[in-house]
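An overview of the molecular structure
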Amino acid sequence: MKRILVIALLVVFGIYLAQALFMLEFGQQFFESGVKDLYLTASPLKLKVANTVTAIVVNFRGFDTLGEVTVLFLATTSMASILYKGRHKLGKRTVLFSASNIVTTGSKFLFPAIILLGAYVFIHGHLTPGGGFQGGTIVATGFLLMLLAYSDYKVSHIVLSVVESFAGITFATIGLFGLVYGGSFLENFLPTGILNNLVSGGVIPIIYIAVGLKVGAELTGLIYIALNEKD
Amino acid sequence: MEMKLFDIDIIEYGFFITAIALVLIGLYAVLIKKSLIKIVIGLSILDSGINLLLITIGYVKGGTAPVFSPSVIKDMPLTMENIKKISEGMVDPIPQALVLTAIVIGFGVTAVALSLVIRLYRHHQTLNIDQIKNLKW
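Read on for a plain summary of the structure. (Residues numbered from 1 in each chain as written. Chains lettered and ligands numbered in written order. Predicted model: local features only at pLDDT ≥ 70, side-chain atom pairs only at ≥ 80, totals over all residues.)

Structurally, Val71 of chain A is set in helix H4 (residues 62-83). Overall, the presence of 14 C-beta atoms within 10 Å leaves Val71 of chain A in the partly exposed class. (Helix = DSSP H or I, 4+ residues; strand = E, 2+ residues; numbered from the N terminus. Buried ≥ 20, exposed ≤ 12 C-beta atoms within 10 Å, placed from the backbone.)

See below:
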């Protein structure tokens, strides 16, 4: 009975949603003159950042990104506090995988390459598609590979929290410097340089590298907590 | 290639149809399924449906990625007119930036939900929400 009711409800919901969406013409410009043009012209001309999405995420909506990073930090912290019974006592790893020789040797070989790719993605976040969040995730997948291949692989909690706090402090400090030198929080106060150079865009590469390190450390910590959860 | 059904181009509106289908599948899983793990999976399917919807709204026909790489600029001087002309063929970057935020938040929500599920399983030795009695009021 409940199932029929829910299906009927969902069908009605879907029909109304489809009607509303099919009124939009697919692939047309909905916003003829608006904030899109402003971002697309201000990003290469004023900020000298090639990737417009990075310019929006880090500069125009930088405060929002600071909140987003805080949410990620909150997720890690709450997961740790939900899963741990004792205070910071890491037990023996409870989730184990059997890995063959090929997997262990191959992951040892692949691990530096994955870390390098992640670092490349977040260092070039203002030039190519990609950025801090994507690069940080790639770094965390490298650690995940090592944790899956070796059952005794250890990630230092102290190093993770030092990297994470350092990156967070860098982000907030740059924002405060912008408040002092530029007039508003997270204002781009450094010289912006030339478009498509590695060192360009003022504070944007610095912030995105900090975000990349923070996201990488946080996701690695999340995976490590989930694998080490104590019974 | 054009495929018409009820005066709607299926290939083009396929993105909208897929997004709506993902949202409905996610809601169905959340409302009907008994296993907590399946409910969390439904939540993340719902997430990806909404992300696809936002990206589709920002798409411009034949548009390129909003990146001013050297191959796009092609030694043109950086003036307002040139940049305006290039940016006409680009998709809207704002939904992409919003979806970047939404993916990260969705990840955080899934991680916390799964850890709560682990905790509930430890306490009740079951994942069936009908058997977790002290949730009812």
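That covers the picture; the talk isn't over yet.
A separate point is the interface of chain B and chain A. By convention, interface size is frequently given as the accessible area that disappears when the constituent parts associate. Residue-level contacts link 42 residues of chain B with 43 residues of chain A. Listing elements by their share of the side of chain B that touches chain A, those giving two or more residues are helix H1 (10-32), helix H4 (80-87) and helix H5 (93-124) of chain B. If you tally residues by element for the side of chain B that touches chain A, the top one is H5 of chain B, at 16 residues. (Contact = placed C-beta atoms within 7 Å.)

On to H4 of chain A, then. Taking 1.5 Å per residue, 22 residues should reach 32 Å; H4 of chain A reaches 32 Å between its end C-alpha atoms and fits that length. Those residues of H4 of chain A that sit buried are Gly62, Thr65, Glu68, Val69, Leu72, Ala75, Thr76 and Met79 of chain A. Taken around the axis of H4 of chain A, the buried residues stretch over an arc of 125°, which confines them to a single face. In H4 of chain A, those exposed residues whose orientation departs by more than 90 degrees from the buried face are Phe63, Leu74 and Ser81 of chain A. Where H4 of chain A is buried, its residues meet helix H3 (52-60), helix H7 (157-181) and helix H8 (204-227) of chain A together with H5 of chain B. (Expected span 1.5 Å × (residues − 1). Arc of directions from axis to C-beta.)

Moving on, we come to H8 of chain A. Because the α-helix completes a turn every 3.6 residues, residues three or four places apart line up on one side. Over its 24 residues, H8 of chain A extends 34 Å from the first C-alpha to the last, a length consistent with the 34 Å expected when each residue adds 1.5 Å. H8 of chain A sits mainly inside the fold: 19 of its 24 residues count as buried.

Looking now at the packing of helix H2 (residues 35-47) of chain A against H3 of chain A. All names here are of chain A. Relative to each other, H2 and H3 sit at 80°, their axes nearing to 9 Å. Comparing their axes, H3 and H2 come out roughly perpendicular. Across the interface between the two elements, Tyr39, Leu40, Ser43 and Leu47 from H2 touch Thr52, Ala55, Ile56, Asn59 and Phe60 from H3. Classifying every residue of the contact of H2 with H3 gives 6 nonpolar, 3 polar and no charged. (Axes fitted to C-alpha atoms, helices over the stretch in contact; angles between N-to-C directions. Parallel < 35°, antiparallel > 145°, perpendicular 65-115°, else oblique. Nonpolar A, V, L, I, M, F, W, Y, C, P; charged D, E, K, R; others polar.)

All names here are of chain B. Two numbers describe how helix H2 (residues 36-57) lies on H5: the axes approach to 10 Å, and their chain directions differ by 180°. It follows that H2 is roughly antiparallel to H5 by the angle criterion. Between H2 and H5, the residues in contact are Leu36, Ile37, Val40, Leu43, Ser44, Asp47, Asn51, Leu54, Ile55 and Ile57 and Pro95, Gln96, Leu98, Val99, Ala102, Ile103, Gly106, Thr110, Ala113, Leu114, Val117 and Leu120, respectively. A breakdown of the residues in the contact of H2 with H5 according to their chemical character gives 16 nonpolar, 5 polar and 1 charged.

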